[in-house]
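Geometric and topological summary
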Amino acid sequence: MARVDKTALRARLLAARRDVPDNVRTTEARMLCAALEPVVCAGTVCAYVPVGTEPGSVAMLDMLARRAGRVLLPVARTAADGDPMPLQWGEYRPDALAAGPWGLREPLPPRLPASALAEAALVIVPALAVDRRGVRLGRGAGFYDRSLPARDPRARLIAVVRDDELLDELPAEPHDVAMTHALTPRRGVIALAAGTGE
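As a starting point, this report considers the structure included with it. (Residues numbered from 1 in each chain as written. Predicted model: local features only at pLDDT ≥ 70, side-chain atom pairs only at ≥ 80, totals over all residues. Heavy atoms only, no water.)

Time to look at helix α2 (residues 22-36). Compared with an ideal rise of 1.5 Å per residue, which puts 15 residues at 21 Å, α2 spans 21 Å between its outermost C-alpha atoms and is within 8% of the ideal. Within the span of α2, buried status applies to Arg25, Glu28, Ala29, Leu32, Cys33 and Leu36. End-on view of α2: buried residues confined to an arc of 140°, all on one side of the axis. Every exposed residue of α2 that faces more than 90 degrees away from the buried side is listed here: Asn23, Arg30 and Ala34. (Helix = DSSP H or I, 4+ residues; strand = E, 2+ residues; numbered from the N terminus. Expected span 1.5 Å × (residues − 1). Buried < 20%, exposed > 50% of the residue type's maximum accessible area, 1.4 Å probe, protein only. Arc of directions from axis to C-beta.)

Here the focus is the sheet that holds strand β10 (residues 166-167). The sheet built from 3 strands is open, its strands ordered β8-β7-β10 with mixed pairing. At either margin of the open sheet sits one strand with a lone partner, and together these are β8 (136-137) and β10. Note: strand β7 (residues 129-131) against β10, 2 bridges, orientation parallel. Along β10, the bridge assignment pairs Val130 with Leu166. (Pairing = 2+ DSSP bridges.)

In short, shape yes, function no, at least from these values alone.
Here it is as structure tokens:
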């Protein structure tokens, strides 16, 4: 698929998310949290703070902190030329989030380097869609594309999407890092081809 197809698909998915009623979004956030909880083990987890219409909740971060013990959240910055840099990380502390660029919420300092991602056995990744092969469609800025290569290769990479955002096929590019699992409200945690070795 051409790049224009990805742009059109992003626009369609974002429009569909905007149409989801608040009560449905709240119910789905609870379902996501309940489905994720059994797969979380003690250790370090990387996650994100959902903003706008993104699936998830701060309650999911609280659950991750209780179950794993340590949750790292991304800090997105660009270089002087405007190019996205690999994500830095900061430790999640309840009620200690600050406003960041692009409407994001991020942890307070201190900052950890991009290499901190390698400490996580579980990485929860925002997505607009994911396919059954593990190809993830993000918002297109490239922060995760630049960051995920630094992960522990054994880490589970879980893309969080709504049920109808798990698709049969998405356009893939050589730099894409495949997700091993998808998390949806009604289907729970689903192993994708990249997570099953297919």
